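# Analysis of the macromolecular model
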Amino acid sequence: MGAELIMLTTAQVSKSTPLLPESWNKVKDRFKDEYGDATYKSWMENVAPLGSDGFTLFLSAPTKFIREWLYSNYGTKIIELARREGIAASRLEISVSGTPLKESAPVATIEEELGEQPNVVDFPSGDLSSPIDPRFTFDNFVVGKSNELAFAAARRVAEAAAASPESNPLFLYGGVGLGKTHLMHAIAGHIKKANPSRKVVYLSAEKFLHHFIRALRYKTILEFKEQLRSADMLLIDDVQFINGKDSTQEEFFHTFNALIDSNRQLVISCDRSPTDLDGLEERMRSRLGWGLVADIHSTDYELRLGVLESKAEAAGIPFPREVMEFLASRITSNIRELEGAFNRVVAHSTLVGGGITMENATELLKDLVRANDRRLTLEEIQKKVAEYFNLKVTDMYSARRSRVVARPRQIAMYLAKKLTTKSLPEIGRSFGGKDHTTVMHAIKKVEELVVTDAEFSDSVEMLTKILKQ
Ligand code: ADP
Ligand code: MG
């Protein structure tokens, strides 16, 4: 992230050596594994390697928009993946090839594409909404301390006859696998049933962006906005994907504003709070926090047990209490993993027989349990980073500002964000009561230096390895 945008001259590229296509294909495969097929197709499929000079990795992307998107969202990741494949890369330079997009590529440069308009209007005129999963309901959402606020807020919005200013937008946020998507589908599903004449549009942020860019490309932006504005409720899931600098952001939030101004209900989910949404303009950030902001905290034991009980009951499967307690106490990361563990145990007993026993469960879930046990704490990160740089642990949360101390501290904050599920404010607090903006600044700084300073980047990589062991 934060990588510079540089146009390449042919001379620069020609100084580099070509990459072996196999290593680049491996990088692409890993990218696909990590982000899934849709993201891969949108951003990486048509990116070609130009070469590497042992320091800079040169790539070419089909459009300026894709280039900028890669820089601001996947730059660090691409470098990391390339290095894992043995490509010497400390920074990234992407040029624009201008080759036409394949049919499957959904995005194009707005500025570029608007110039040479295709004569087709290829915009879906039907229902814009992604399908609603009927399995996600309020009834089967288990409520505990960690999610009661979000649940109540979601219920209120679902049951209200119209949007109300004090809960518009409803902003749900929390870590992965804690039920945000579940609640959004529950809201949409409830309205579809209780009040089918209300028009509800549910989209992941990526889908939204995809439609939006297509609309710009094919000059159907008015129709697109019309479709959105005719919705009584718009739900946008995982809005953090719109984070980052890009020219669509402005338009995007105009649409949000217009919807709220015309009294349509907006529901947004995000992996962080509005204040932590880095890369957004201040006025947009504050606008997002105007309505009702409800967070979902990490799960506690009772909630995890509750989820297991409810799942066992729904499945009509006798699930020994002892095994349930084992799962609830050992799979603590999030509900998605807990469900995965539950399903694995059930599937095994259905397919192989032998019933659900402690012995089977322990054996089946060995790897998951180990991964959960190994979850890093902020203290461990501070300790290891201090050791690595020959500092005292207290330097990690002191107010000393000299660079010898400040850089390692920034690295520790960066690793805390990257390797744990802690929020920016939580991280700030454990580094001597620092503000979340300090943490944000640290992360940005590290992301910059990783790209520009090879030695620095090695330290970060090494520490990541040490901590992941
Ligand atoms: P997120 O969108 O926050 O990443 P999801 O909504 O996709 O998480 O939830 C992951 C899985 O966990 C889903 O299968 C969901 O049904 C389940 N889940 C999450 N929270 C709860 C809950 N409180 N009660 C029951 N199931 C839950
Ligand atoms: Mg989700």
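Definitions and cut-offs
Here the residue index of a chain counts from 1 through its sequence in written order. The naming scheme follows written order: chains are lettered A onward, ligands numbered 1 onward. Selection of residues for local features in this predicted model requires a pLDDT of at least 70, selection of side-chain atom pairs for listing and counting requires 80 or more, and totals for whole chains, interfaces and linings are taken over all residues. In computing side-chain properties, one takes all heavy atoms of the structure into account and sets aside hydrogens as well as water. What counts as a salt bridge is simple: a side-chain nitrogen of Lys or Arg found within 4 Å of a carboxyl oxygen of Asp or Glu. Think of it this way: any DSSP run of H or I at least four residues long counts as a helix, any run of E at least two long counts as a strand, and we number them from the N terminus. An expected span of 1.5 Å times one less than the residue number is assigned to each helix. At any given residue, the bend is defined as the angle formed between two axes, one fitted to the seven residues that end at that position and one fitted to the seven that begin there. Under the scheme applied here, a residue whose accessible area is under 20% of the maximum for its type counts as buried, over 50% as exposed, and between as partly exposed, the area being computed with a 1.4 Å probe on protein chains only. Definition of nearness: a residue and a molecule or strand are near each other if at least one heavy atom of the residue lies within 4 Å of the molecule or strand. N or O atoms closer than or at 3.5 Å make up a polar contact, with two conditions inside protein: a donor-capable atom paired with an acceptor-capable one, and, for residues adjacent in sequence, both atoms drawn from side chains. Residue-level accessible areas treat just the shown protein chains as cover; the underlying method is Shrake-Rupley with a 1.4 Å probe. One bridge is not enough; two strands pair if DSSP finds at least two bridges between them. The axes are straight lines fitted to the C-alpha atoms, using for helices just the contacting stretch, and the angles between their N-to-C directions are given from 0 to 180°. Contacts are assigned to residue pairs with any non-hydrogen atoms lying within 4.5 Å of each other. Stacked, tilted and edge-to-face are the three classes applied to pairs of Phe, Tyr and Trp rings, where Trp contributes its six-membered ring and a pair requires centres within 6.5 Å; stacked means planes under 30 degrees apart, edge-to-face means over 60, and tilted covers the rest. Both a distance and an angle decide whether a charge sits over a ring: NZ of Lys or CZ of Arg must be within 6 Å of the ring centre and within 35 degrees of the ring normal. Remark: nonpolar core denotes a set of buried residues (Ala, Val, Leu, Ile, Met, Phe, Trp, Tyr, Cys) joined through side-chain atoms within 4.5 Å. Gly is placed with the polar residues, together with every amino acid not listed as nonpolar (Ala, Val, Leu, Ile, Met, Phe, Trp, Tyr, Cys and Pro) or charged (Asp, Glu, Lys and Arg). What sets the label is the angle itself: under 35 degrees gives roughly parallel, over 145 gives roughly antiparallel, 65 to 115 gives roughly perpendicular, and the rest give oblique. If you view the pair so one helix is near and one far, a crossing is left-handed when the near helix is turned anticlockwise from the far one by less than a right angle, and right-handed when it is turned clockwise.

Right, let's get into the pattern of salt bridges. Oppositely charged side chains may form a pair once their charged atoms are brought near each other. One pass over the structure, following the stated rule, counts 23 salt bridges. Two residues, Asp-367 and Arg-344, come together in a salt bridge whose shortest N-O distance is 3.2 Å. Of this pair, Asp-367 sits in helix α15 (residues 366-373) while Arg-344 is found in helix α13 (residues 335-352), placing the two residues 23 residues apart along the sequence. The structure contains a network of salt bridges with shared partners spanning Glu-34, Lys-77, Glu-80, Arg-84 and Lys-418.

Okay, helix α2 (residues 21-44) next. Since the α-helix advances by 3.6 residues per turn, residues separated by three or four positions end up pointing in the same direction. Counted at 1.5 Å a residue, the expected span for α2 with its 24 residues is 34 Å, but the 15 Å between its end C-alpha atoms falls short. Where α2 bends most, at Gly-36, the angle is about 125 degrees. Buried residues of α2: Ser-23, Trp-24, Val-27, Lys-28, Phe-31, Thr-39, Tyr-40, Ser-42, Trp-43 and Met-44, and no others.

Now for the site of ligand 1. The full set close to ligand 1 counts 17 residues, and Val-142, Gly-177, Thr-181, His-182 and Glu-339 are the nearest of them. Backbone polar atom of Val-142 to a nitrogen atom of ligand 1: 2.8 Å apart, as the coordinates give it. In this structure, Gly-177 approaches ligand 1 through a main-chain N or O atom, which is 2.7 Å from an oxygen atom. Its free accessible area being 560 Å², ligand 1 has 91% of it covered by the protein chains.

Spatial ordering of the open sheet is given by β5-β6-β7-β4-β8, a layout of 5 strands whose pairing is parallel. Pairing within the sheet leaves two strands with one partner each, and these edge strands are β5 (200-204) and β8 (292-296). Looking at each pair of strands side by side, their axes are set apart by 15 degrees on average, direction ignored. Sheet topology places strand β4 (residues 170-174) next to β8; 5 bridges connect them, and they run parallel. When the bridges of β8 are listed, Leu-170 appears paired with Leu-292. Each of β4, β6 (233-237), β7 (265-270) and β8 is contacted by helix α5 (residues 148-159), which is oriented at about 135 degrees to β8, the strand it contacts most. Relative to the sheet, helix α7 (residues 205-217) contacts β5 and β6, its axis offset from that of β5 by approximately 100 degrees.

Between its first and last C-alpha, helix α11 (residues 301-315) extends 21 Å over 15 residues, near the 21 Å set by a 1.5 Å rise per residue. Tucked into the core, α11 has its buried residues touching α12 (321-330) and α13.

This part takes up the packing of aromatic side chains. Across all of its chains, the model carries 12 aromatic pairs by this definition. Ring centres 5.1 Å apart and planes at 75 degrees place the aromatic pair Phe-31 and Tyr-74 in the edge-to-face group. Residue Phe-31 is found in helix α2, and its partner Tyr-74 is found in helix α3 (residues 64-84); the two are separated by 43 residues along the sequence. Summarising the burial analysis for this pair, Phe-31 and Tyr-74 share the class buried. Ring geometry for Phe-208 and Phe-256: centres 6.3 Å apart, planes at 80 degrees, overall edge-to-face. Linking Phe-208 in helix α7 with Phe-256 in helix α9 (residues 248-261), this pair joins segments that are 48 residues apart in sequence. Accessibility classification places Phe-208 together with Phe-256 in one group, the buried group. Members of the aromatic cluster, connected to one another through ring pairs, are Phe-208, Phe-212, Phe-224 and Phe-256. Positioned above the aromatic ring of Tyr-40 is the side chain of Lys-32, whose terminal nitrogen or guanidinium carbon lies 4.8 Å from the ring centre. The ring of Phe-138 has Arg-155 lying over it, and the distance from NZ or CZ to the ring centre is 5.6 Å.

In this section: the sheet that holds strand β2 (residues 56-61). If you trace the 3 strands from one edge of the open sheet to the other, you get β1-β2-β3, paired in mixed fashion. Each edge of the open sheet carries a strand with a single partner, namely β1 (48-52) and β3 (91-96). Geometrically, the sheet is characterised by an average inter-axis angle of 25 degrees between neighbouring strands, direction not taken into account. As judged from the 4 bridges shared by β1 and β2, these two strands associate in the antiparallel manner. For Ser-52, the partnering residue across the bridge sits in β2 and is Leu-57.

A few words on the nonpolar core. Core analysis: the biggest nonpolar cluster contains 55 residues, and Met-44, Leu-57, Leu-70, Ile-78, Phe-208, Leu-234 and Phe-256 have the highest contact counts within it. In this structure, Leu-70 is in contact with Trp-43, Met-44, Val-47, Ala-61, Gly-75, Ile-78 and Ile-94, ignoring residues within four places of it in sequence. Grouped together as the second largest cluster of nonpolar side chains are 29 residues, Phe-431, Met-440, Ala-442 and Val-446 included.

Running from N to C, α7 and helix α8 (residues 221-229) cross one another at 145 degrees; their axes reach a closest spacing of 7 Å. Across from Phe-208, His-211, Phe-212, Ala-215 and Leu-216 in α7, the residues of α8 making contact are Ile-221, Phe-224 and Leu-228. For the contact of α7 with α8, a count of residues per class yields 7 nonpolar, 1 polar and no charged.

Turning to unusual backbone geometry, a few remarks are in order. Asn-168 connects to Pro-169 through a cis peptide bond whose omega is 0 degrees. Checked against the element boundaries, Pro-169 lands in the loop between α5 and β4. The phi angle at Asp-238 is positive, at roughly 60 degrees, despite the residue not being glycine. Along the chain, Asp-238 turns up in the loop between β6 and α9. Judged by relative accessible area, which is 24%, Asp-238 ranks as partly exposed. Phi angles above zero are rare outside glycine, and Asn-263 is one such case at about 65 degrees. With respect to the secondary-structure elements, Asn-263 resides in the loop between α9 and β7. On the basis of relative accessible area, Asn-263 is assigned to the partly exposed category, the value being 46%.

To continue, consider the packing of helix α16 (residues 378-388) against helix α20 (residues 454-468). Running from amino to carboxyl end, α16 crosses α20 at an angle of 130 degrees, the nearest separation of the two axes being 11 Å. Taken together, the axis directions place α16 and α20 in an arrangement best described as oblique. Crossing handedness for the pair α16 and α20: right-handed. Residues Glu-380, Ile-381, Lys-384, Val-385 and Tyr-388 of α16 form the contact with α20, whose participating residues are Ser-459, Met-462, Leu-463, Ile-466 and Leu-467. Considered class by class, the residues forming the contact of α16 with α20 number 7 nonpolar, 1 polar and 2 charged.

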